[in-house]
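One letter stands for each residue in the lines below.
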Amino acid sequence: MDHQSNANVAFAGLGAMGFGMATNLVKKGYQVTGFDVYTPTLDRFKTVGGEVASSPREAADGKSIFICMVANSQQADSVLFDSVTGAVQVLPQQATIILCSTVPAAFLESIEDRLKILGRQDIMIVDSPVSGGTIRAADGSLTILSSGSPEALASSKRILNDMSATLHTIAGKIGAASKVKMVNQLLAGIHIAASAEAMGLAATMGLNTRTVFDVIRNAAGNSWMFENRVPHMLENDWTPHSALDIFVKDMGIVTSTARSCGFPLPLSSTAEQLYISGSAQGYGREDDAGLIRVFLPKSSSAVHDLSKTTVPVHDLSPSLTPIEINKVGFIGLGAMGVGMAKTLVKAGFPVCGYDIYPPSVEKFLDCGGKASGAQTPADAAMDAQVLVLMVQNALQADDVLFGSGKAAESLPNGSVVILSSTVPPSFVREFRSKIVALGKNIDLVDAPVSGGVVRAANGQLTIICSAEDAAMSKARPIISAMTGIPQNLYHIDGGVGAASSVKLINQLLAGVHITAAAEAMAFGSKLGLNTKLLYEIIKTAAGGSWMFENRVPAMLNADWTPHSALAIFVKDLGIVLDESKRLSYAAPLSAAAHQLYLMGASHGWSKEADGGVVRVWELLAGISVAKSAQEALPSFTPQTYPKLPLKETIDSLPEPYSHDVLPYINDHVKQSNTPVLVVLDDDPTGTQTCHDIAVLTVWDHETLCSELSAADKGFFILTNSRALPPIEARSLITTICENLEKAAKQVGKNFEIVLRGDSTLRGHFPDEPEAVEAVLGQVDHWILAPFFYQGGRYTINDVHYVAEGDSLVPASQTPFAADATFGYKSSNLRDYVLEKAGSRFGEENLFSITLEDIRSGPERIAEQLLNAPKGSVIIVNAAAESDMYVFVAGLLRAQQTGRKYLYRTGAAFVSCRLGISGIPPLSSKDLGINESATKRGGLIVAGSYVPKTTEQLASLRSRRGGELHVIELDVSEMIKSPSGVTDTVQATILETDAHISDGKDVLVMTSRKLILGADALSSLSIGGLVAEALVKIVQGLQVQPRYIIAKGGITSSDAATKGLKIKKAMILGQAAPGVPLWRCDEESSKFKGVAYVVFPGNVGGKDTLAELVEGWSV
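Residues numbered from 1 in each chain as written. Predicted model: local features only at pLDDT ≥ 70, side-chain atom pairs only at ≥ 80, totals over all residues. Heavy atoms only, no water.

### Overview of the overall build of the protein
The cut-off we apply is this: Secondary structure elements are defined from DSSP: runs of H or I of at least 4 residues count as helices, runs of E of at least 2 residues count as strands, and each element is numbered from the N terminus. Based on C-alpha atoms, the radius of gyration is set beside the globule rule, defined as 2.2 Å times the residue count to the power 0.38. Any residue under 20% of the maximum accessible area for its type is buried, any over 50% is exposed, and the rest in between are partly exposed; the area is computed with a 1.4 Å probe on protein chains only. Any two residues whose heavy atoms approach within 4.5 Å at even a single point are treated as in contact. Where accessible areas are quoted, they stem from the Shrake-Rupley method and a 1.4 Å probe; at the residue level, only the protein chains shown are allowed to cover.
Within the protein, the secondary structure is distributed over 46 helices and 37 strands. For a compact globule of 1114 residues, the expected C-alpha radius of gyration is about 32 Å, and the protein comes in at 31 Å, within 12% of that figure. Counting only C-alpha atoms and orienting by the principal axes, one finds that the protein spans roughly 95 × 85 × 55 Å. When the 1114 residues of the protein are sorted by exposure, 60% land in the buried category. If you take every contact in the protein between residues at least 6 apart in sequence, the share linking residues at least 24 apart comes to 75%. On the protein, roughly 40400 Å² of surface is accessible, and the fraction owed to carbon and sulfur atoms is 52%.

Okay, here's the thing in C-alpha cells:
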C-alpha cells in the first residue's frame, strides 16, 4: 500500500500496547521512529525494523504524523511540551498529533489552548483512544475512537485504519472520543471489580470456581471483562496484560470528571476505592485481575485452588421418558414462567398451570395443545409426576407447597419438585428436608434459571441444577426441554443448594451490571454524548455485558415494561448480601447496587422494569438518557436517483464477460482446502437459487458435526433472525458461530460464513456481521452483494434497483424501504452503509467492484480486491447472472493470497460461490404430486404484508374462484382479544382439514391491512403474534395436504420449524423463478415427504402465485 506523505511517523510510548501498535505500522510499510523512556524497549523495537530516538523531539523532527501512546496526561504533556525534549517545537507545518492515551477530555482541550499560545494553530489534534489489548494492537485489529476537526480526521484516517479493525468517528469537538472511552472504562472497571467480588464470594462459598465461570459465561451475568479476566484468576496468573494501576488512573479520570460536573457515580467510586486498595497492597504493577486478592486477604489463591476440585461424573440418564410423564404441574406463570410452561407444552408434555393472577393462566392456555389450567396450587400438583415452581421468592414457594396452597398434600408418591426460583441456598436445603419428611419418596431438584423472557419462550434457558442423581434423572426430560441444547444445562455437585449458590453469583453480577449500565448511560447523557451511539459502540467493546446489551435499549426508549421487575433485584441482591454477611465476606459493589435498587423502589418503581433504575440518576441530575438518544447525529442526506428504463439501461452497459467461469469455480470448490460455506439465512427465502443442498433449522453440536463432515460444498442454517429484535438476533448469531467453531474443530473442517440477507436491504446490518466477527475474529473486508437476478434486483454504479414492470426503481423508493422495522433512505449502497453504520465506516472505508471491473474478468476483480483498503466494505455491482459468477471467480483468486472475507449478500452470491448452476423450475409432474392416487387439496398459508403479496393473493383468489377455499384471519381482532385467538385457530384447523380431505385447495391468509406498533420492536411483536397463530394452524392439521405453500419469510420459517417440525430438509430446486422448493424426509417431521414451497413475499409477478397453484392443481 502506498502511504506517501504519511509514511514517516513518530511514535512515543512503546509500552505493552504501544510497542504492538508501532510494530504493526512497521510491518505495513511505515517508517516509524520510536521513543520510550525504557532503553531495552528501544533495543527491541530496532530488532523489528523500527528506528529509535533519544527524545520525543528527536523522534518528531520532520514527521507529519506524531502518535502519542504514553500512560497518562502528565506524560503526554511532557512528551509534547517539555521545553527541552518536547515534540511540538519541531513538528513541521500542518502536522497531526494523534493522542491514543486514555486521558481526560479537558486535557485535550488544554492542548489546543497551549498550541495557540505557542503560535502553532497549524498543528492538528486527533483525540483517538484505543481498546483491544496487546494482541490486537500487534495485529492491527484494535477498536479506535476518533474525534477532532474534519481536517484532522482526514489527515489521520489512513493510519488509524491501518491500526484498527473498527474505527468509530465521534461527532463533536476534540475530547468527544475520550468521553466515549471514559464511559467504556467506567464499565470495564466496574465489571472487573464485580468479577473479582463474585468469584471471591464463590470461593468463600466453597464452589468449584471453574464450574462457576463456565456457567456464568453462558448466562445473564456475563461480561466481556468477566470472560477475559476470570481465567487469570483461575490460574493465579498476574502477568500484567493490563496493570491494575491503569484502572487506578482510569477510574480516577472517571470520578474526577464526574465531580467537576457535579454528577454522582456511586458504583464507579466504589470500584475506584477497590483499585486504590489493591495498589496500596502492592498489586499495582500486576494484572488487574489480581484485584481478587483484595476480596480474599486470608486465602488469596482460593479461586485458583477451588478450580482444581474434581467434578464427579453423574449418570443423568432419565428414569422417565417424555411419553411416561402423564402430567406436569407448573406453578408461577409470570413473565418467564409462562414461556417455560409453553415450551413444555410445545415439547409434547401435558402441563397443568397455575398462577395467582388468572389472566396469566389464560395467556398460558392460549398455546393450546396439552395445556390445562388449575384453580389452586393443589389442583396443579394433583397426580403430577413433576411439579415446577417458578414463583417469586422463598416465602411463596413455601406457602404454595406447605401453606395455603397445600400442593404437598396433592403430590403423588415418587414425584419430584423442580424449584426454579432464585432463593437463598439455605432455604433450598431446608425446603428439601420438609419435602423428604413427607415420607412419600418425593425429592427436590434445585434448578434456578437464567436467560430472560425470550430464551424462556424459545426453550433456550441456561438451567443450573443440583440434586440427588435419582431425582435429577426423573426431572431431566422436563429440564432438557426448557434448555434446548445440552450446553445450556449444568449439573452442580454438592446437593441441593449448590445450584442456588451458583445462581446467586450470577445474580450478583447481573444486578451490578444493570446498575453499571444505568450509571454509564446517565453519565454519557450528562457529558453531552448521543446515548444511542454510545450504546452501539460499547455493546461490542470491553465495557460490554449481557445486561448492558439487553437492558440499555429500554433506557434509550424510556420503556419500563416489566419483562424483569426492579423488585427482583431488591430481593436477589438482598439474598447476596445476607449470604455475604453470614460468611463475613465484604461485597461493596453489591451493596452499592442494592442501595440504588432500593432508591428506585422508594420511588414506586418496584413493579416496573429493572432498567428503570437509571431514573435515579435522571432525577438527581436532571438529564434524560432517552432524550440524549434522540439528539441529532451528524447530518446525513442520501443521494436521490431517478427511475430508469429497464431494457435501455441494461443494454447500455458494457458487454458481459464472455468466458464460462463455472468450471474454475467448481474446481476450486472441490479442493479439500476450500472452506465449507455455511450460509446463515435470516429467512428461508435465501435458498431461492440453489438445489441439491441441505438446509438445517437446528444448530446443536451433534447436527453441526454431522453436516460439516458430510457437506462437500456447504449448507444453509435457517436462523430466521429477521423476525427477531436486534439484541436477540445478535445473540442468536453469536450462539450459532460458537457452536460452528466448536464443531469444526472437532471434525477438522474449515468453514466461512455468508450472512444471506434480503435483496431489498432489510435486515440486521451491521449487527449480524459484527456478531460473527466477535466470535470468529476480524476479517479483512465485508462483501455487500444484494444482487438477485430472479427477483429483479440490480446494482448499477453502486445504486441498488428493484425492477418493477419496465422500470428500474431505486430501492429507497420502494415499499421495502418503508419497512416498519428495517426501513432505510438510501439507494446508493455507499450511502446505505453510512446510514446504517456511519459511526464505524466512513467514505474512505467503502470500495466498489464496478461493472467495468466485473466485465473485464476475474483477474481484474482479484486485483481490485487486493487493492481494497483493509477494513473496508466492498460493494459488488451486478446486472446479469454471469456477473456474480465472474465476481466469485475473482474472489476465489484473491482468497488464495490469504485474504479473509465476511459476506452480507442476496441469494445469487450463494449459488455462485457453491458452483451451482440454475435449473428450470420444477413442476408438480417432476415431483410426482398429481400422479399420486391421493387427491387431497393443497394448502397455501400467507402472512406476508408487502404489497406484492397482497397483489398476488388477489390474483390467486380471482383466478381460482370456487376451486379455492379461502379463510381470512382478522389481525385487528386477534390483537384486541388474544384470548379469542385459540378459538379462531381451532375453528380454522377443522375447516382446513375438511376441505383438504375433499380435495379442495385451501388458502389461509391474514387480513390485508398492515397493523403497526408504536415502534419497530412492537411491530415485530405484532408480527410474532400473527406468525404464532399460523403456526398453530399448521401444527393442528390432521390431514396431510398434497403440497404446502408458505407465503412470506417469517411465515415460511415458522411453518417449517414449528409447524412441520423440520430439522433438516433438502432444497430440491425452485417451484417458480426465485421460489424455493424443499422436501423433508425425516421421520420426526409432521408431514414426511410433503412438497414445501417457500414463497418470498417480494418475489414474482402479479400472477406467479396463481400460476403455481393452477399448475399444481388436481
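Now that the structure has been shown, we can carry on.
### Some points on the packing of aromatic side chains
Operational definition: Working definition: a ring pair exists when centres of Phe, Tyr or Trp rings (six-membered ring for Trp) sit within 6.5 Å. Plane angles under 30 degrees give stacked, over 60 give edge-to-face, the rest tilted. Distance and angle both matter: a charge sits over a ring if NZ of Lys or CZ of Arg is within 6 Å of the ring centre and within 35 degrees of the ring normal.
For the coordinates displayed, the defined rule picks out 19 aromatic pairs. One aromatic cluster is present, formed by Phe765, Trp782, Tyr824, Tyr832 and Phe841 through successive ring pairs. Positioned over the ring face of phenylalanine 81 is arginine 114, at 4.1 Å from the centre of the ring. Positioned above the aromatic ring of tyrosine 664, the side-chain terminus of arginine 893 is 4.3 Å from the ring centre.

### Regarding the sheet that holds strand β7 (residues 130-131)
Keep this limit in mind: Note: two strands are recorded as paired if DSSP finds a minimum of 2 bridges between them. Here, axes are lines fitted to C-alpha atoms. For helices the fit covers the stretch in contact, and angles between N-to-C directions go from 0 to 180 degrees.
An order of β7-β8-β9 is seen for the three strands of this open sheet, with the pairing classed as mixed. Since the sheet does not close on itself, it has two edges, and those belong to β7 and β9 (164-169), each with one partner. Pairing analysis gives two bridges linking β7 to strand β8 (residues 142-146), with the strands arranged antiparallel. Of the residues in β8, the one forming a bridge with serine 131 is threonine 143. In this fold helix α7 (residues 150-163) packs onto β8 and β9, with an angle of close to 150° to the strand it touches most, β9.

### Here's the deal with the packing of helix α23 (residues 498-526) against helix α24 (residues 531-538)
What counts is decided by this rule: Geometric relationships in this document are graded by angle, where less than 35 degrees denotes roughly parallel, more than 145 denotes roughly antiparallel, 65 to 115 denotes roughly perpendicular, and other angles denote oblique. Crossings are classed by handedness, with left-handed meaning an anticlockwise turn of the near helix from the far one by less than a right angle and right-handed meaning a clockwise turn. Three residue categories are used. Nonpolar comprises Ala, Val, Leu, Ile, Met, Phe, Trp, Tyr, Cys and Pro, charged comprises Asp, Glu, Lys and Arg, and polar comprises the others, including Gly.
Remark: α23 packs on α24, axes separated minimally by 9 Å, with the N-to-C direction vectors making an angle of 135°. The pairing of α23 with α24 is recorded here as oblique in orientation. You can see that α23 and α24 cross each other, and the crossing is right-handed. When α23 is examined against α24, the residues Ala520, Met521, Gly524 and Ser525 are found in contact with a partner set consisting of Thr531, Leu534 and Tyr535. Residues that form the contact of α23 with α24 fall into these classes: four nonpolar, three polar and no charged.

### Some details on the state of the cysteines
The cut-off we apply is this: The disulfide criterion is simple: two cysteine sulfur atoms within 2.5 Å.
What the rule picks out here adds up to zero disulfides. Between cysteine 737, a cysteine without a disulfide, and cysteine 705, which holds the nearest cysteine sulfur, the sulfur-to-sulfur distance is 15 Å.

### Observations concerning the packing of α24 against helix α25 (residues 546-557)
Interaxial distance between α24 and α25 falls to 11 Å at its minimum, and their mutual angle equals 170°. Comparing the axis directions of α24 and α25 gives the class roughly antiparallel. Taking contact as the criterion, the partners of Thr531, Lys532, Tyr535 and Ile538 in α24 are, on α25, Phe548, Glu549, Val552, Pro553 and Leu556. Residues belonging to the contact of α24 with α25 are distributed by class as follows: six nonpolar, one polar and two charged.

### Observations concerning helix α22 (residues 469-483)
Counted only if it meets this: Here the bend at each residue means the angle between axes fitted to two seven-residue stretches, the one ending at that residue and the one beginning there.
Largest kink in α22: about 50°, centred on arginine 476, with the proline proline 477 one to four residues after it. Counting buried positions over the 15 residues of α22 gives eleven, a clear majority of the element.

### Brief notes about the pairing of strand β11 (residues 351-354)
In the case of a regular strand, side chains alternate between the two sheet surfaces. Using the following cut-off: Here the term right-handed applies to a crossover when the path leading from its first strand over the helix to its second strand runs clockwise, the strands being oriented away from the viewer.
A two-sided burial pattern is seen for β11, the buried positions comprising Val351 and Gly353 on one face and Cys352 and Tyr354 on the other. Looking at chain direction, strand β10 (residues 328-331) and β11 are connected through four bridges and run parallel. Each bridged residue has a counterpart across the sheet, and for isoleucine 331 the counterpart in β11 is tyrosine 354. Once you follow β10 into helix α15 (residues 335-346) and on to β11, the crossover reads as right-handed. Bridge analysis of β11 against strand β12 (residues 371-373) gives three bridges, and the strand direction is parallel. When the sheet's bridge partners are listed, glycine 353 is paired in β12 with glycine 373. Crossover handedness for the path β11 to helix α16 (residues 358-365) to β12: right-handed.

### Things to note about the confidence of the model for the protein
Let me state the cut-off plainly: The quantity known as pLDDT measures the predictor's confidence residue by residue, on a range of 0 to 100.
Chain-level pLDDT for the protein is 91 on average; 95% of the residues reach the 70-or-more range. Across residues 313-317, where pLDDT falls below 50, the model places eight contacts with residues more than four positions away in sequence or in other chains. Within the model, pLDDT remains below 50 along residues 1013-1020, and this stretch shows 15 contacts once partners closer than five positions in the same chain are excluded.

### Quick look at the side chain of arginine 793
Threshold: Think of it this way: Lys and Arg go in the positive column, Asp and Glu in the negative one, and His and the chain ends go nowhere. Whenever a carboxyl oxygen of Asp or Glu lies within 4 Å of a side-chain nitrogen of Lys or Arg, that contact is scored as a salt bridge. N or O atoms closer than or at 3.5 Å make up a polar contact, with two conditions inside protein: a donor-capable atom paired with an acceptor-capable one, and, for residues adjacent in sequence, both atoms drawn from side chains.
As for its position among the elements, arginine 793 is in strand β25 (residues 793-796). Within the buried set, arginine 793 has no salt-bridge partner at all; the shortest N-O distance to an opposite charge, 5.8 Å, is to aspartate 758. Here the side chain of arginine 793 touches serine 759 through a polar contact of 3.0 Å, side chain to side chain. Aside from chain neighbours lying at most four places away, what touches arginine 793 is Ser759, Thr760, Pro786, Phe787, Phe788, His800, Tyr801, Val802, Phe816, Asn1098 and Val1099.

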